[in-house]
Amino acid sequence: MATIEEALEIERLERDIFRGASTKTQLPRTFGGQVAGQALVSAVRTVDPSYQVHSLHGYFLRPGNPQERTVYLVERIRDGRSFCTRRVTGVQNGEAIFTMSASFHSGDEGPEHQDEMPEVPLPHDLPDARISMSPERLWAMREWEHWDIRTIPQDQVTRKDGLVAQQQVWFRYRHSLPDDPLFHVCTLAYMSDMTLLGSSKVIHPDEPTQNASLDHAMWFLRPFRADDWLLYDQASPSAGFGRALTGGRIFNQDGQLVAAVVQEGLIRNLREG
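Residues numbered from 1 in each chain as written. Predicted model: local features only at pLDDT ≥ 70, side-chain atom pairs only at ≥ 80, totals over all residues. Heavy atoms only, no water.

A. Geometry of the overall build of the protein chain. When you go through the protein chain residue by residue, the secondary structure sums to 5 helices and 12 strands. The globule rule puts the C-alpha radius of gyration for 273 residues at 19 Å, and the 18 Å found for the protein chain is close to it. Reported as C-alpha extents along the three principal axes, the dimensions of the protein chain are approximately 55 × 50 × 35 Å. Taken across its 273 residues, the protein chain has 49% of its residues classed as buried. In the protein chain, once contacts between residues fewer than 6 apart in sequence are set aside, the share between residues at least 24 apart is 71%. Within the structure as shown, the protein chain displays about 14,000 Å² of accessible surface, and the carbon and sulfur contribution to it stands at 50%. The averaged location of the 37 negative side-chain charges in the protein chain is 5 Å from the averaged location of its 28 positive side-chain charges. (Helix = DSSP H or I, 4+ residues; strand = E, 2+ residues; numbered from the N terminus. Rg over C-alpha atoms; globule rule 2.2 N^0.38 Å. Buried < 20%, exposed > 50% of the residue type's maximum accessible area, 1.4 Å probe, protein only. Contact = heavy atoms within 4.5 Å. Areas by Shrake-Rupley, 256 points an atom, 1.4 Å probe, with all protein chains shown as cover. Lys, Arg positive; Asp, Glu negative; His and termini not counted. Charge placed at Lys NZ, Arg CZ, Asp CG, Glu CD.)

B. Region of the structure containing the environment of M117. As for its position among the elements, M117 is in the loop between β6 (95-105) and α3 (129-132). Placed 116 residues apart in sequence, M117 and D233 show a C-alpha to C-alpha distance of 8.5 Å. Filtering out sequence-adjacent residues up to four positions away, M117 remains in contact with L231, F251, N252, Q253 and G255.

C. Structural detail: the pattern of salt bridges. Overall, the coordinates contain 17 salt bridges when judged by the stated rule. Linking D128 and R150 is a salt bridge whose minimum nitrogen-to-oxygen distance equals 3.8 Å. Taken together, the residues span a long stretch of sequence, with D128 in the loop between β6 and α3 and R150 in strand β7 (residues 147-151) at a distance of 22 residues. Judged on exposure class, the residue D128 and its partner R150 are both buried. Between R174 and D148 there is a salt bridge, with its nearest N and O atoms 3.5 Å apart. Within this pair, whereas R174 is found in the loop between β8 (166-173) and α5 (181-191), its partner D148 is found in strand β7, the two being separated by 26 residues in sequence. One connected set of salt bridges, linked through shared partners, spans D128, D148, R150, R172 and R174. (Salt bridge = Lys/Arg side-chain N within 4 Å of Asp/Glu carboxyl O.)

D. Region of the structure containing the sheet that holds strand β4 (residues 71-79). A sheet is described by the order of its strands in space; here 12 strands give the open sequence β1-β2-β4-β5-β6-β3-β9-β12-β11-β10-β8-β7, paired in antiparallel fashion. Of all the strands in the sheet, the pair left with one neighbour each is β1 (10-14) and β7. In this sheet, neighbouring strand axes are inclined to one another by 25° on average, regardless of whether the strands run parallel or antiparallel. Bridge analysis of β7 against β8 gives 5 bridges, and the strand direction is antiparallel. Its bridge partner being in β8, T151 is matched across the sheet by V169. (Pairing = 2+ DSSP bridges. Axes fitted to C-alpha atoms, helices over the stretch in contact; angles between N-to-C directions.)

That's the geometry; what it means functionally is another story.
What follows is the structure, given as structure tokens:
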């Protein structure tokens, strides 16, 4: 399947108009992480390199056709002394399938603090998904064969009082990536849509549902590498009316909190007929 370099590939058609690659996939609709990642790459291409992405907020408006390329229209909302803002719209067949705002910061000095990383089994103490995955889930391993994803068993998840649904996942890209920090940010934007909505299903494992990402927000807090192990500490505080709210904190192996994610997703009962 596609490498992350292929999945995030875009070409510039005009000053602020880009077109993303269409990659081989088994999915019936374009993977949301790929749309978000390509949109972010498009925004990055319009910002001075002295600015770094610190947040994005996106909405998945329509399912994308994975056989077609997506065009990204970038609006330069603001270019300030410390912050830049871009709005990106992903378009297929004249219709918007995704819209995103991204903010960039030149960096400043200020107070520092962060939550502690939960104590969890190390990734090397968990089986490789290529070995442990059930036959009915092998398609997912084929789709994301370049990612090493190791879900911590529910009986080993570090529990917090009052949290109804929790999931913890170690992940990394299996191959060495370029040193450009912005490439790692865009790679994490791609990856962050993977497994997060699943945290809402850990206490409803036998209920068949239709699942899809609805909106997605990320904050990039500290430098990291996506080809090193990262812990995705996830929770779903609420589900109802066919939607689930999910959130995740992403730590590196040194315990640094490098990113935070919030997503609402569709988890409605399968409709008859």
